[in-house]
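Summary of the model geometry
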Protein chains: 2
Amino acid sequence: MRGKRVTSLEVALKAGVSQSTVSRAFSGDERLSQSTRERVLEVARKLGYRPNAIARSLITQRTQIIGIVASYMTNPFFPLVLQAFTQTLHELGWRVLLFTAGTNEDVDDLLPEVLAYQVDGLIIVTATLSSRMAKEVRRRGIPVVLFNRYVPESGASAVSCDNLNGGRMVADLLLDAGHTRLAYIAGREDTSTNQDRRRGFLERLAERGIEHCQQEHGHFTYEGGFAAAMRLLESHNPPEALFCANDIAALGALDAARKLGVRVPQDLSVVGFDDIPMAAWSAYNLTTLRQPREQMIAASVRLLMERIENPGLPGVLEFIPGTLIERQTVRAHGR
Amino acid sequence: MRGKRVTSLEVALKAGVSQSTVSRAFSGDERLSQSTRERVLEVARKLGYRPNAIARSLITQRTQIIGIVASYMTNPFFPLVLQAFTQTLHELGWRVLLFTAGTNEDVDDLLPEVLAYQVDGLIIVTATLSSRMAKEVRRRGIPVVLFNRYVPESGASAVSCDNLNGGRMVADLLLDAGHTRLAYIAGREDTSTNQDRRRGFLERLAERGIEHCQQEHGHFTYEGGFAAAMRLLESHNPPEALFCANDIAALGALDAARKLGVRVPQDLSVVGFDDIPMAAWSAYNLTTLRQPREQMIAASVRLLMERIENPGLPGVLEFIPGTLIERQTVRAHGR
DNA sequence: GTCATTTGTGCAAACGTATGCACAAAATAT
DNA sequence: ATATTTTGTGCATACGTTTGCACAAATGAC
């Protein structure tokens, strides 16, 4: 049958102390004498005892578990984020309960199950919180951080790249290169990420006198970017420069250009957003706006920890500036 | 402060029943009358009550949590696997506690912490179990499945692609294309995956009269594959065909070829292993051996579930055949 | 009408730990 | 020497559930 679970009581009996003492030996209680502590730990080691985290959680009212809800795992950006989160949290002594959602609606179904496990905090990566769930989570007093999305009225904290200014930087880059016929390959319409990148881009274009900009949907995917670029490049008035809502779509666009024999950057400039590892691959050499992943993750974790320590803190929005990484997909200055 | 946690007792008082009855209303106990059940659930809904999974675990001795230890998240194959695992397990009513390990050694440090949470089962993706940990886990009676690795003596179940035969199929493909000067770009030496793919490949070459095959280390990474291909292609006796231990290294090799102006497949054939989404991208069109991801995951979950239900079952090794996906990176038959 | 059966609910004990309080023993002060 | 403080440990309770058992009420048989 199921292997014996060793309990603190068994260790106690074998070591000739009380169960409380065993508990104290593991919790590092100061008052325990050196000798008993060593004896207890020795017996525990022999028996293969480790405190049951579940039982401990019940009494301490802390599970030391952070729930992470993630989606879009097909975009390489997110596995990297997920790995960094789990690694970071782990180093800080937390565990991660992972949920993956296909779409935003799924998050609503998932969340109650996460909450049943009494997670101490919640990180939601690239998905939004419905107002119903935001309320539910707030009522329970569970700190939440949204990563790469924000929902101003939700009361949840959020960390995101400064997409607005990122879009502006891309606009400047392409205008400085002398382009005038521009296009934006969009991501999902209902995401702040897509909206802000576009808004920053278009606002800056307008400020510099370019009122017109074509748009196509790229769905944040390779296939979507490929198809969007095909439509644009085969139209009667093809653009000279593409700003893609994220890198993976930009890679699709580059492959579309390659397929059509459109030379990059001579005939077409392409800029992405994210700076995923593949952007640096020599087949692409994509110029892109790097999201400061490490900083964003560190900030998210910091915000979360602060709110777990001090549940009274209000939600906060943090925008971290990105960096332009110039590779080979934008033509040189002034043509 | 921390929001009130609603307990079954509060629901009970408000509904005018005992705490046990609330519990039974949620566990779907047959004997409860329709009317009280509805009344209880209604009150619970109003109060926002959900059973505390932690407390439940303590008494049922089942956490409904599966621990997943994963590594190599930079290879796109694994995020896909991870997502599929969490999705599948979730549909079956299980939760996933995620741990990411950098290297194999880390797994040993991680495992005790996973075990402290009393996981009901363990999936280890692309990392091996030290014999010490295998023993520890066995003593506790926790079912383990290794994914993409196997450790015969460990007693742990394992699911893997039939890498041995996969290597043979690649050998046949390249020999049929008329190649004789071949090279293998290896992955990590201490993995069964790398060993089996190479062994199958070399064995088949030998059977068909090719005794010699160059080898370089590609480390299962893009950069590694790129560098290995550079070394091979710039040597005095460059190979006509490359078999790369996985796709991501093969993509690196293709980019190396592109950089050197070596045409694929006219001057060089390249074959990968995995069939990650990028292999199908038009920039690469990589011929590769597809790992039957879905089947492997389904098998892993099945093995694990069986062993959770029936802890007496012995460990089992399951090898699932891969499929050759012929795209454009191997020259046509007989040159 | 009584007695046997069924149905629905409550009681209380567990699960494995943490921790406030009490208190004995040892150390220190007077 | 006694009185006071410090140190180390045990007792008992609590955390929020599930579940075997007991039992009252309702139902049915006669």
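My aim in this report is to walk through the structure given alongside it, one point at a time. As the structure is a computational prediction, the values presented were derived from the model and not from experiment. (Residues numbered from 1 in each chain as written. Chains lettered and ligands numbered in written order. Predicted model: local features only at pLDDT ≥ 70, side-chain atom pairs only at ≥ 80, totals over all residues. Heavy atoms only, no water.)

**Some points on the protein's contact with DNA strand C**
The condition is simple: Here a residue is considered near a molecule or strand provided that any single heavy atom belonging to it is located within 4 Å of it. Here a polar contact is recorded for every N or O atom pair within 3.5 Å, except that within protein the pair must consist of a potential hydrogen donor and a potential acceptor, and residues adjacent in sequence are included only if both atoms are side-chain atoms. Each helix is a run of H or I in the DSSP string that is no shorter than four residues. Each strand is a run of E no shorter than two, and both are numbered from the N terminus. Three classes are used: nonpolar for Ala, Val, Leu, Ile, Met, Phe, Trp, Tyr, Cys and Pro, charged for Asp, Glu, Lys and Arg, and polar for all others, with Gly counted as polar.
In the vicinity of DNA strand C, 28 residues are found, and the nearest of them are Ser8(A), Ser23(A), Thr21(B), Arg31(B) and Thr36(B). Among the atoms of DNA strand C close to the protein, meaning within 4 Å, 58% are from sugar or phosphate groups. One nitrogen or oxygen atom from the side chain of Ser20(B) is found 2.9 Å from a base nitrogen belonging to DNA strand C. At a separation of 2.7 Å, a phosphate oxygen of DNA strand C approaches a polar side-chain atom of Thr36(B). Breaking the surface near DNA strand C down by element, the ones donating at least two residues are α2 (19-27) and α4 (53-60) of chain A together with α2 (19-27) and α4 (53-60) of chain B. A per-class count over the surface near DNA strand C returns eight nonpolar, 14 polar and six charged.

**A short note on the pairing of strand β11 (residues 317-320) of chain B**
Residues and elements named next belong to chain B. This is how the line gets drawn: Each residue's exposure class comes from its accessible area (1.4 Å probe, protein chains only) as a fraction of the maximum for that residue type: buried when under 20%, exposed when over 50%, partly exposed otherwise. DSSP bridges decide pairing: two strands pair if at least two such bridges lie between them.
Of the two faces of β11, only the one carrying Glu-318 and Ile-320 is buried; Leu-317 and Phe-319 on the other face are not. Bridge count between strand β5 (residues 157-161) and β11: four bridges; the pairing is parallel. Residue pairing across strands places Ser-160 opposite Phe-319, the latter belonging to β11.

**With respect to helix α8 (residues 163-176) of chain B**
Residue and element names in this part refer to chain B. Applicable threshold: Helices are assigned an expected span. That span is 1.5 Å times one less than the residue count.
The terminal C-alpha atoms of α8, which comprises 14 residues, lie 20 Å apart, in line with the 20 Å expected from a rise of 1.5 Å per residue. Taken residue by residue, α8 has Asn-163, Gly-166, Gly-167, Val-170, Ala-171, Leu-173, Leu-174 and Leu-175 as its buried positions. Two residues or fewer after α8 comes Gly-178, characterised by a positive phi angle close to 95°.

**Description of the pattern of salt bridges**
Rules: Each salt bridge in this description consists of a side-chain nitrogen of Lys or Arg and a carboxyl oxygen of Asp or Glu lying within 4 Å of one another.
Here the structure, examined in full by the defined rule, presents 52 salt bridges over all chains. For Glu294(B), the salt bridge goes to Arg293(B), with nearest N and O atoms at 3.9 Å. Relative accessible area serves as the criterion here: at 22%, Arg293(B) is assigned to the partly exposed category. Salt bridges here are not isolated pairs; linked through shared partners, they connect Arg168(A), Asp172(A), Asp176(A), Arg199(A), Glu203(A), Arg204(A), Glu207(A) and Arg208(A).

**Here we look at the packing of α8(B) against helix α9 (residues 192-207) of chain B**
Residue and element names in this part refer to chain B. Threshold: Comment: axis = line fitted to C-alpha atoms, over the contacting stretch for helices; angle = value between 0 and 180 degrees taken between N-to-C directions. Throughout this description, any angle smaller than 35 degrees is read as roughly parallel, any larger than 145 degrees as roughly antiparallel, any in the 65 to 115 degree range as roughly perpendicular, and the remainder as oblique. Rotating anticlockwise by less than a right angle from the far helix to the near helix defines a left-handed crossing, while the corresponding clockwise rotation defines a right-handed one. The contact definition used throughout considers only heavy atoms, calling two residues in contact when any of these lie within 4.5 Å.
Two elements in contact, α8 and α9, have axes whose closest approach is 7 Å; the angle formed by their N-to-C orientations is 40°. Taken as axis vectors, α8 and α9 run oblique relative to one another. As for how α8 packs across α9, the hand of that crossing is right-handed. Packed against α8, whose contacting residues are Asn-163, Leu-164, Gly-167, Arg-168, Val-170, Ala-171, Asp-172, Leu-174 and Leu-175, the element α9 presents Thr-193, Asp-196, Arg-197, Arg-199, Gly-200, Phe-201, Glu-203, Arg-204, Leu-205 and Glu-207 at the interface. When the residues that make up the contact of α8 with α9 are grouped by side-chain class, the tally is seven nonpolar, four polar and eight charged.

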